[in-house]
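# Geometric and topological summary
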Amino acid sequence: MKRTKKTNPYLVQLIQDLKEATRVNDAPIWRDIATRLEKPRSRWAEVNISRLQLYANDGDTIVVPGKLLGAGLISKKVTVSAFQASRSARASIEKAGGRVIEIPTLIEENPKGFNVRIMG
């Protein structure tokens, strides 16, 4: 079976940045996320905000290596970083007092990846 390469230049750059952050900061969490994003898109995580409500605590930082979807309700103040997030998911999280940020922004804010959970 022929293996295809990723064609989205943003995704390719993000994977390279995650691997570099692993080497520079000695933080294996970024390599784990890069490895998950290298998989075929059909195997990526798709997490609804209802799942965040069940498994996250107030103040948690969550990374979704895939897409964040808006099904369900959330009342917890969480910081979520995902490759893609739907408008309804962003609106629900911001309404609850949380925030949705890009993965490179999370790497800048927390280079060592302390207290970051991967969901999906």
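Counting starts from 1 at the beginning of each chain's written sequence and moves along it residue by residue. pLDDT decides what is reported in this predicted model: residues at 70 or higher carry local features, side-chain atom pairs at 80 or more are listed and counted, and totals for whole chains, interfaces and linings draw on all residues regardless. The basis for the side-chain values is all heavy atoms of the structure; hydrogens and waters are excluded.

It is worth spelling out the pairing of strand β1 (residues 45–48) at this point. Burial of the side chains of β1 is restricted to one face: Ala45 and Val47 are buried, whereas none of Glu46 and Asn48 on the reverse face is. Any two strands are treated as partners once DSSP identifies two or more bridges connecting them. Elements are defined by DSSP. Helices are runs of H or I of four residues or more, strands are runs of E of two residues or more, and each kind is numbered from the N terminus. Pairing analysis gives four bridges linking β1 to strand β2 (residues 61–69), with the strands arranged parallel. Its bridge partner being in β2, valine 47 is matched across the sheet by leucine 68. The handedness of a crossover follows from its direction of travel: if, with the strands pointing away from the viewer, the path from the first strand over the helix to the second runs clockwise, the crossover is right-handed. The parallel pair β1 and β2 is bridged by helix α3 (residues 49–55), and the resulting crossover is right-handed. When a residue's accessible area, from a 1.4 Å probe over protein chains only, is under 20% of the maximum for its type it is buried; when over 50% it is exposed; and in between it is partly exposed.

Okay, the side chain of lysine 76 next. Assignment of secondary structure puts lysine 76 in the loop between β2 and β3 (79–85). The side chain of lysine 76 sits in the buried core without any salt bridge; aspartate 58 is the nearest counter-charge, 6.5 Å away. Within the structure, lysine 76 has its side chain in polar contact with the backbone oxygen of glutamine 53 (distance 2.8 Å). A distance of 2.6 Å separates the side chain of lysine 76 from the backbone oxygen of alanine 56, its partner in a polar contact. Here, residues are in contact when the closest pair of their heavy atoms is within 4.5 Å. Those residues in contact with lysine 76 that sit more than four places away from it in its chain are Gln53, Leu54, Ala56, Asn57, Asp58 and Ala96. A positive count includes Lys and Arg, and a negative count includes Asp and Glu. His and the chain ends are not counted in either. For this document, the term salt bridge refers to a Lys or Arg side-chain nitrogen within 4 Å of an Asp or Glu carboxyl oxygen. By the criterion applied in these results, polar contacts are pairs of N or O atoms within 3.5 Å in which, for protein atoms, one can donate a hydrogen and the other can accept it, and in which residues neighboring in sequence qualify only through two side-chain atoms.

This part is about the pattern of salt bridges. If you walk through the whole model with that rule in mind, you get five salt bridges. Taking the shortest distance from any N to any O, the salt bridge between lysine 19 and glutamate 38 comes out at 2.6 Å. Taken together, the positions of lysine 19 in helix α1 (residues 9–25) and glutamate 38 in helix α2 (residues 28–38) put the pair 19 residues apart, joining distant regions of the chain. Here lysine 19 falls in the partly exposed class, since its relative accessible area comes to 23%. Overall, glutamate 38 belongs to the partly exposed group, its relative accessible area being 31%. Ionic pairing is found between arginine 99 and glutamate 109, a salt bridge with its closest N-O pair at 2.6 Å. Taken together, the residues arginine 99 in strand β4 (residues 99–101) and glutamate 109 in helix α5 (residues 103–109) connect sequence positions 10 residues apart. Using a relative accessible area of 43% as the deciding quantity, one classes glutamate 109 as partly exposed.

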